[in-house]
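Each chain, letter by letter, is given below.
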Amino acid sequence: MIPRFQPAIGAGELRALAAAPAGSVGTFERAFGAHFGCAHGVSFSYGRTALWALLQALGIEGAEVVVPAYTCSVVAHAVTLSRNACRFVDITLDDYNMNLDQTERALSSSTQMVIATHLFGFPLDVDRLRAMVSAAERRFGHKIWIVQDCAHAFGARRGARLVAAEADIALFGLNISKTMTSIFGGMLTTNDAALASKVRVWRDAHAHLPPARKAMARRAYLIAAAAAFRNSVYGAVRWLQDDTPVLNRLTSAYHRDEEVRFPPDYEDAMLDVEAAVGLAQLARLDDFERRRFEHARYYIGHLTPPPGWTLP
């Protein structure tokens, strides 16, 4: 059985598990931001926590947040749990991203944020989005924040420009299903020093210091994941998850589409061991992206879609 994703865990990541110096989180924030053309990175325990904290830090409450209808459920959870409402916009089949004609019509006096998801690496038209948001700001007389959701689009570019460096702020998830991982974790990146400071101050005032045992649990998790997603054993792993309570209990604690809630440790700060693994992965990110492009070109060149299918 072939897993739908397989974290690329090598010797560098395993060394990071053994030696994670104090201060790794700050080093990772600076290196991650710089990699994506941004002056600032602010880390969190999860990507969904990063979005939730951003809304809290900006004091956005009781507002509408424009969100693509086709996205990870935890994006909507973060909006809802920050006491805001999602305004869902359908997608186009050209790139699986928000239909910008519908987005323009969805903007209202209640809108205070637009989450621009770049799904599966396909970049949204950031110039058109910025223009329509700027027009809405003039019309309604208040700021509308644009968040670039890059959880599936680490290296996505619009022309020569990284979409992560566009508009106000970018959001990344860093769990093992993403292009690169810090075991768990999330990151916000921005070139706005005042915004970065506001988010970091709010985070530092509210984040919990994780217990020492959590670092050991994270180490065990990454070692287990490196083995579990090998083709030779993945069938047994799926059996444990689907037909026994052994793994389902663990996965249900972190992600259940039908329940609007966060994991129990969502307010924890990122661990140095997570940041150390993230730094090892960041050093390999260009190679990860190169191989993804190679694979995509192969599929595009060799797969013939059935009649009636629309491919991006």
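Scroll up to find the structure.
Predicted model, so just to flag it, every value in this text is computed and none were measured.

A.B. asks: Could you clarify how one ought to interpret the environment of D101 in this entry?
C.D. replies: With respect to the helices and strands, the residue D101 is situated in helix α5 (residues 100-106). Residue D101 is classed as partly exposed on the basis of its relative accessible area, which comes to 41%. The sequence separation of D101 and D90 amounts to eleven residues, and the corresponding C-alpha distance is 9.9 Å. A distance of 2.4 Å separates polar atoms of two side chains, one belonging to D101 and the other to R128.

A.B. asks: Even after reading the chapter, I still don't get the pattern of salt bridges, so can you show me in this structure?
C.D. replies: Close approach of charged atoms allows side chains with opposite charge to pair. Going through the model one piece at a time under the given rule, you end up with 22 salt bridges. The residue D101 makes a salt bridge to R128 at a minimum N-O spacing of 2.4 Å. Of the two residues, D101 is situated in helix α5 and R128 in helix α6 (residues 126-140); the sequence distance between them amounts to 27 residues. Judged by relative accessible area, which is 33%, R128 ranks as partly exposed. The residue E166 makes a salt bridge to R161 at a minimum N-O spacing of 2.9 Å. Overall, the relative accessible area of 10% leaves E166 in the buried class. Here R161 falls in the partly exposed class, since its relative accessible area comes to 32%.

A.B. asks: What is the right way to read the pairing of strand β8 (residues 169-173) from this model?
C.D. replies: Here is the key point about a regular strand: its side chains alternate between the two faces of the sheet. Burial runs high along β8: five of the five residues are buried. Covered by surrounding structure in β8 are I169, L171 and G173 together with A170 and F172, the residues of both alternating faces. Bridge count between strand β5 (residues 145-149) and β8: three bridges; the pairing is parallel. Paired with D149 across the bridge in β8 is L171.

A.B. asks: What's the story with the side chain of N84 in this structure? I'm lost.
C.D. replies: Looking at the element boundaries, N84 is found in the loop between α4 (73-81) and β3 (85-89). N84 gets classed as buried once you look at its relative accessible area, which sits at 8%. A distance of 2.9 Å separates the side chain of N84 from the backbone nitrogen of A63, its partner in a polar contact.

A.B. asks: I'm lost on helix α2 (residues 24-35) in this one. Help?
C.D. replies: Working note: α-helix, 3.6 residues per turn, so residues spaced by three or four point in the same direction. Taking 1.5 Å as the rise per residue, α2 with twelve residues should run 16 Å; its terminal C-alpha atoms sit 16 Å apart, in good agreement. Listing the buried residues of α2 in full gives S24, V25, G26, F28, E29, F32 and G33. Buried residues along α2 sit in contact with β1 (40-44), β8, β9 (186-190), α7 (193-206) and α11 (272-282). One or two residues past the end of α2 sits G37, with phi positive at roughly 70°.

A.B. asks: Any chance you could explain the packing of helix α8 (residues 212-228) against α11 here in plain terms?
C.D. replies: Pairs of packed helices are described in terms of their axes, by the angle between the two and the distance that separates them. Two numbers describe how α8 lies on α11: the axes approach to 9 Å, and their chain directions differ by 35°. Contacts between α8 and α11 involve A215, R218, R219 and L222 from the first element and V273, E274 and V277 from the second. Of the residues contributing to the contact of α8 with α11, the split by class is four nonpolar, no polar and three charged.

A.B. asks: Just to check I follow, could you spell out unusual backbone geometry for this structure?
C.D. replies: The bulk of non-glycine residues show a negative phi, and the bulk of peptide bonds are trans. The backbone of F120 sits at a positive phi, close to 55°, despite the residue not being glycine. Inspection of the secondary structure assignment puts F120 in the loop between β4 (111-117) and α6.

A.B. asks: It is not clear to me how the environment of F36 should be interpreted in this structure. Could you clarify?
C.D. replies: Take F36: it is sitting in the loop between α2 and β1. The exposure class of F36 is buried, given its relative accessible area of 1%. Sequence separation of F36 and V163 is 127 residues, and the distance between their C-alpha atoms is 8.8 Å. Discounting chain neighbours no more than four positions away, the residues touching F36 are F154, L162, A164, A165, F172 and L285.

Rules behind the numbers
- Residues numbered from 1 in each chain as written.
- Predicted model: local features only at pLDDT ≥ 70, side-chain atom pairs only at ≥ 80, totals over all residues.
- Heavy atoms only, no water.
- Helix = DSSP H or I, 4+ residues; strand = E, 2+ residues; numbered from the N terminus.
- Buried < 20%, exposed > 50% of the residue type's maximum accessible area, 1.4 Å probe, protein only.
- Polar contact = N/O pair within 3.5 Å; in protein donor to acceptor, adjacent residues only side chain to side chain.
- Salt bridge = Lys/Arg side-chain N within 4 Å of Asp/Glu carboxyl O.
- Pairing = 2+ DSSP bridges.
- Expected span 1.5 Å × (residues − 1).
- Contact = heavy atoms within 4.5 Å.
- Axes fitted to C-alpha atoms, helices over the stretch in contact; angles between N-to-C directions.
- Nonpolar A, V, L, I, M, F, W, Y, C, P; charged D, E, K, R; others polar.

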